[in-house]
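Observations on chain architecture
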Amino acid sequence: MSPPFRAERRFGMKRMLWIIPSLVLLSAGWFFVSNSRAATETAPYQVLQQEKDFELREYETLHLAKVSLPSNDKRSKNMDGSFMKLFRFIDGGNERSEKIAMTTPVIVQRGEKESSMSFVMPKASVAKGLPTPKGEVKLDQIQAVKVIVIRYSGVSKEAKELEKLGALRAWAKTKSIDTEGEPFFAFYDPPWTPGPMRRNEVLLRVKEK
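Residues numbered from 1 in each chain as written. Predicted model: local features only at pLDDT ≥ 70, side-chain atom pairs only at ≥ 80, totals over all residues. Heavy atoms only, no water.

Along the chain, Arg205 turns up in strand E11 (residues 200-206). Expressed as a C-alpha distance, the spacing of Arg205 and Glu58, which sit 147 residues apart in the sequence, is 9.9 Å. If near-sequence neighbours (up to four positions away) are discounted, Arg205 is found in contact with Ile142, Val145, Lys146, Val147, Asp178, Thr179, Glu180 and Phe184. (Helix = DSSP H or I, 4+ residues; strand = E, 2+ residues; numbered from the N terminus. Contact = heavy atoms within 4.5 Å.)

This is the structure:
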């Protein structure tokens with residue numbers, strides 16, 4: 001093998017060593033972006049007041065697909081299995097075998113009698129009429145409402161959720177905002193999202209005077 005040919009071969013191999021990782025990184029980037037919150041519709045709201053991680057917001061009516069469990073059911077703490085039931089509904093497990101776009105956030109509510117997980121339905125699907133779900137999934141609504149919100153990152157665990165809920169209630173007190181009802185927990189990112197990049201929120205309804 002002549003020296004020029006060996007040099008050309010080494011150059012070709014070095015170029016392949018650069019190209020292959022670049023293609024892998026591009027593919028991973030495409031997958032992450034196409035499956036992240038940047039690629040999904042988010043429930044619209046208007047910010048009325050903002051201070052650091054706290055906001056006062058106004059939402060229009062939200063149409064939901066919802067799975068509920070009695071609070072004494074051991075699955076209710078983490079809503080085990082509920083996500084896949086909701087996902088099967090939007091993936092065609094409904095009376096019309098119709099696929100529905102995923103949106104953000106996923107909403108979890110934990111009450112004294114009942115806990116629930118909900119997907120917000122996209123505007124286009126609501127406009128043409130939602131298909132009837134099968135099984136434990138039900139259609140529901142949250143009527144137009146004002147809420148206070150605290151936003152935080154990281155993997156959301158019970159201790160952190162309670163900490164943020166306490167901070168939200170303390171902030172409401174400093175602003176003389178009365179709240180009512182059980183808190184909502186909102187999660188915006190798929191589970192493979194790195195903790196520091198995750199968006200989580202705790203929301204409380206504002207009591208209208």
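Glancing now at the side chain of Asn94. Mapping Asn94 onto the fold places it in the loop between helix H2 (82-90) and strand E5 (103-104). Overall, Asn94 belongs to the buried group, its relative accessible area being 0%. (Buried < 20%, exposed > 50% of the residue type's maximum accessible area, 1.4 Å probe, protein only.)

Moving on, we get to the packing of aromatic side chains. Taken as a whole and assessed by the stated rule, the structure comprises 3 aromatic pairs. With 5.1 Å between their ring centres and 5° between their planes, Phe54 and Trp171 make a pair best called stacked. Taken as a pair, Phe54 in strand E3 (residues 54-59) and Trp171 in helix H4 (residues 158-174) lie far apart in primary sequence, 117 residues in all. Both residues of the pair, Phe54 and Trp171, count as buried. Their ring planes at 70° and their centres at 5.2 Å tell us that Phe83 and Phe119 sit as a pair that is edge-to-face. (Phe/Tyr/Trp six-rings, centres within 6.5 Å; stacked < 30°, edge-to-face > 60°.)

Hydrogen bonding along the main chain pairs the strands of a sheet, whether they run parallel or antiparallel. With respect to topology, 9 strands assemble into an open sheet ordered E2-E3-E9-E11-E10-E6-E7-E4-E8, the strand pairing being antiparallel. Edge strands, defined here as strands with exactly one partner in the open sheet, are strand E2 (45-51) and strand E8 (138-142). For this sheet, the mean inter-axis angle between neighbouring strands, taken without regard to orientation, is 30°. Examined bridge by bridge, strand E4 (residues 62-70) and strand E7 (residues 114-120) share 7 bridges and lie antiparallel to one another. What sits directly across from Pro70, in E7, is Glu114. Packing of H2 onto the sheet brings it into contact with E4, strand E6 (106-110), E7 and E8, and relative to E7 it is tilted by some 35°. (Pairing = 2+ DSSP bridges. Axes fitted to C-alpha atoms, helices over the stretch in contact; angles between N-to-C directions.)

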